[in-house]
Amino acid sequence: MNAALVVMAAGLGSRYGGVKQIERLGPDGEILMEYAIYDALRAGFDKLVLIIKPEMLEDVKAVFGDRVEQATGLKICYAFQTLTDDYKGVAIPKARTKPLGTVHAILAAADYLDRPFAAINADDYYGANAVAAIGGALPGLRSGGDAAMVAYQLKNTVSPFGTVTRGVCDVADGALQTVTETYKIRLFPDGTIRDTSGGEDGPLLAPDTLVSMNMWGYHPDIIPLLEARFLQFLQTLAPDDNSSECLLPVVMDEFIAQGAARCAVLHTDDHWFGLTYQEDKESVRTALQALHASGVYPPALWK
């Protein structure tokens, strides 16, 4: 299959603390993104692009990059998401120290995106069925206005240790109508889930609400559309803005509203898990061990 897996791994992980993208969690020291890579390769993807900060390169190679290349014969393409003085002539605030968001991440990898691609986070476990689903959708994307995403049930994506951010989706006839980035979704001890953006007594969210976990499928012609929107974003930044980000769910919501994009919604019953908080670490280790023990994965991914 002529398709690329793009892994966005340059985020700071402020709630987690530390470089969570290279936390060893599997029984052979695997990190979370290795499972998506493994699932993508067995689903037929033939290109891998990792978006990282330049200072992470040697660590990423030492922790897993070199062994993946040796085991698979696949050359990893490393793309660097960096802060510069400007982007295509539009100034970036000099006070900026934080990443500019997932749209900027995809643009950082643009030189490698010569085929349909799936974009995912590095610190999430998506599941083999979800990776196969997005891979199966990629050959049907024919233009920059064609996209796909995998939607998860909210109950399968929350953390018991604090709030999470999810793109809450409205879906009709298999197509994404809206996606609303919701920043403080909390699972309560009684099992209820609420949007606590306005307080702890915020509105209830149904457990089967469909949400985005940043698993998107695109045709490479999406790049000019993303670049134009990112330049608009930069032009709105105040000189002291160190927090605003240009995010894929927000931009996709805009594109759909404008009629510039159509996004098919793929469903999965896979359970998400990932590293949002340090406390998530042990439950993730336990979940991965169970997947290996049940035969979903071999005892070690690359042996």
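Scroll up to find the structure this text is about.
Residues numbered from 1 in each chain as written. Predicted model: local features only at pLDDT ≥ 70, side-chain atom pairs only at ≥ 80, totals over all residues. Heavy atoms only, no water.

Engineer: Can you walk me through helix 4 (residues 128-137) in this structure?
Structural biologist: Structurally, the α-helix is built with 3.6 residues per turn, so residues lying three or four positions apart point the same way. Buried within helix 4 we find Ala130, Val131, Ile134, Gly135 and Ala137. The arc enclosing the buried residues of helix 4, seen along the axis, measures out at 165 degrees, which places them on a common side. Facing away from the buried side of helix 4 by more than 90 degrees, the exposed set consists of Asn129 and Gly136. Packed against the buried residues of helix 4 are helix 1 (32-42), strand 6 (117-121), strand 8 (146-153), strand 12 (210-218) and strand 13 (262-267). (Buried < 20%, exposed > 50% of the residue type's maximum accessible area, 1.4 Å probe, protein only. Helix = DSSP H or I, 4+ residues; strand = E, 2+ residues; numbered from the N terminus. Arc of directions from axis to C-beta. Contact = heavy atoms within 4.5 Å.)

Engineer: Which parts of the structure should I look at to understand the pattern of salt bridges?
Structural biologist: Two side chains that carry opposite charge are able to pair once their charged atoms sit near each other. Following the criterion strictly, the structure yields 14 salt bridges and no others. A salt bridge links lysine 303 to aspartate 28; the shortest N-O distance between them is 3.3 Å. Separated by 275 residues along the polypeptide, lysine 303 in the segment after helix 7 (280-293) and aspartate 28 in the loop between strand 1 (4-8) and helix 1 bring together distant segments of the chain. We classify lysine 303 as exposed; its relative accessible area is 79%. By relative accessible area, aspartate 28 is classed as partly exposed at 22%. Among the ionic pairs, aspartate 46 bridges to arginine 115, the shortest N-O distance being 3.1 Å. In this pair, aspartate 46 is assigned in the loop between helix 1 and strand 2 (47-52) and arginine 115 in the loop between helix 3 (102-108) and strand 6, connecting sequence segments 69 residues apart. One network of salt bridges, with partners in common, ties together Asp28, Glu34, Arg67 and Lys303. (Salt bridge = Lys/Arg side-chain N within 4 Å of Asp/Glu carboxyl O.)

Engineer: Just checking my understanding: could you explain the packing of helix 1 against helix 2 (residues 57-72) for this structure?
Structural biologist: For any two helices packed against each other, one specifies the crossing angle of their axes together with the interaxial distance. One way to put it is that helix 1 packs onto helix 2 with a least axis distance of 12 Å and a crossing angle of 20 degrees. As the angle between them shows, helix 1 and helix 2 are arranged roughly parallel. The crossing of helix 1 and helix 2 is right-handed. Taking contact as the criterion, the partners of Met33, Glu34, Ile37 and Leu41 in helix 1 are, on helix 2, Phe64, Arg67, Val68 and Thr72. The class makeup of the residues in the contact of helix 1 with helix 2 is 5 nonpolar, 1 polar and 2 charged. (Axes fitted to C-alpha atoms, helices over the stretch in contact; angles between N-to-C directions. Parallel < 35°, antiparallel > 145°, perpendicular 65-115°, else oblique. Left-handed = near helix turned anticlockwise from the far one by under 90°. Nonpolar A, V, L, I, M, F, W, Y, C, P; charged D, E, K, R; others polar.)

Engineer: I tried to follow the pairing of strand 6 on my own but got confused; where do I start?
Structural biologist: For strand 6, the tally of buried residues reaches 5 of 5 residues, placing the bulk of the element in the interior. Side chains Phe117, Ala119 and Asn121 project from strand 6 onto one buried face, and the interleaved Ala118 and Ile120 project onto a second face that is buried too. With 5 bridges joining them, strand 1 and strand 6 adopt parallel strand pairing. Bridge pairing in strand 6 places valine 6 opposite alanine 119. Where strand 6 and strand 12 come together, 3 bridges link them in antiparallel fashion. If you follow phenylalanine 117 over to strand 12, its bridge partner there is tyrosine 218. (Pairing = 2+ DSSP bridges.)

Engineer: Help me understand the environment of valine 49, please; the structure alone is not making it clear to me.
Structural biologist: Relative to the helices and strands, valine 49 is located in strand 2. Sequence separation between valine 49 and aspartate 221 is 172 residues, and the spatial gap between their C-alpha atoms is 17 Å. The contacts of valine 49, once residues within four sequence positions are left out, are Leu5, Val6, Val7, Cys77, Ala79, Ala109, Tyr112 and Leu113.

Engineer: What is the right way to look at the packing of aromatic side chains in this model?
Structural biologist: What characterises a pair of aromatic rings is the spacing of the ring centres plus the angle enclosed by the ring planes. Under the counting rule described, the total for this entry stands at 11 aromatic pairs. Taking 6.4 Å as the distance between ring centres and 15 degrees as the angle between the ring planes, the aromatic pair formed by tryptophan 216 and tyrosine 218 counts as stacked. For tryptophan 216, a relative accessible area of 0% puts it in the buried group. Using a relative accessible area of 0% as the deciding quantity, one classes tyrosine 218 as buried. Taken together, the ring pairs in this structure connect Tyr35, Tyr38, Tyr125, Phe273, Tyr297 and Trp302 into an aromatic cluster. The ring of tryptophan 272 is capped by arginine 166, whose NZ or CZ atom sits 4.6 Å from the centre of that ring. (Phe/Tyr/Trp six-rings, centres within 6.5 Å; stacked < 30°, edge-to-face > 60°. Lys NZ or Arg CZ within 6 Å of the ring centre and 35° of its normal.)

Engineer: Teacher, can you tell me more about helix 5 (residues 222-236) here?
Structural biologist: Along its 15 residues, helix 5 runs 22 Å from first to last C-alpha, staying within 8% of the 21 Å computed at 1.5 Å per residue. Burial in helix 5 covers these residues: Ile222, Ile223, Leu226, Arg229, Phe230, Leu231, Phe233 and Leu234. Along its buried surface, helix 5 packs onto strand 4 (86-87), strand 5 (90-91), helix 3, strand 6, strand 12 and helix 6 (248-258). (Expected span 1.5 Å × (residues − 1).)

Without other data, these values stay purely geometric and don't point to any function.
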